[in-house]
Amino acid sequence: MTNEQIKHECEIQYANIKAAELRLVELRAMCKHENIFHGNWSWRIGSIQPAIICSDCGNIIKYIE
């Protein structure tokens, strides 16, 4: 692949990631969070905190203090 082809492919993949992130926001807004579990939520690399997480959409419901 040429540099131009690589750049073009990267741009396509970043657009796909952005579209997927937007769709996840939509799905999580629709989810009723009926199936939950207690787990560890990693809000950044190297940090975890106990939380209640939705089993269906993977969204954090709340932190457990």
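So, here is what we can say about the structure in this document. (Residues numbered from 1 in each chain as written. Predicted model: local features only at pLDDT ≥ 70, side-chain atom pairs only at ≥ 80, totals over all residues. Heavy atoms only, no water.)

1. Quick notes on the side chain of Ser47
And step 1. Counting through the fold element by element, Ser47 comes out in strand E2 (residues 47-54).
And step 2. Those residues in contact with Ser47 that sit more than four places away from it in its chain are Trp41 and Ser42. (Helix = DSSP H or I, 4+ residues; strand = E, 2+ residues; numbered from the N terminus. Contact = heavy atoms within 4.5 Å.)

2. With respect to the sheet that holds E2
And step 1. If you trace the three strands from one edge of the open sheet to the other, you get E1-E2-E3, paired in antiparallel fashion. Strands at the two margins of the open sheet, each flanked by one partner only, are strand E1 (36-44) and strand E3 (60-63). Averaged over all adjacent pairs, the angle separating strand axes in this sheet is 45°, with direction ignored.
And step 2. Here E1 runs beside E2; their pairing, made up of seven bridges, is antiparallel. Residue pairing in the sheet places His38 in a bridge with Ile52 of E2. (Pairing = 2+ DSSP bridges. Axes fitted to C-alpha atoms, helices over the stretch in contact; angles between N-to-C directions.)

3. Side note on the pattern of salt bridges
And step 1. Using the criterion set out here, one finds one salt bridge in the structure.
And step 2. Among the ionic pairs, Glu26 bridges to Arg23, the shortest N-O distance being 2.9 Å. Here Glu26 pairs with Arg23, and both are found in helix H1 (residues 3-30), just three residues apart, close to one helical turn. (Salt bridge = Lys/Arg side-chain N within 4 Å of Asp/Glu carboxyl O.)

4. Examining a nonpolar patch on the surface
And step 1. A surface patch of nonpolar side chains, amounting to about 270 Å² of accessible area, comprises Leu24, Leu27 and Met30.
And step 2. Looking at the element boundaries, Leu27 is found in helix H1. (Patch = residues over 30% accessible without salt bridge, like charges linked within 9 Å, V, L, I, M, F, W, Y side chains within 5 Å. Areas by Shrake-Rupley, 256 points an atom, 1.4 Å probe, with all protein chains shown as cover.)

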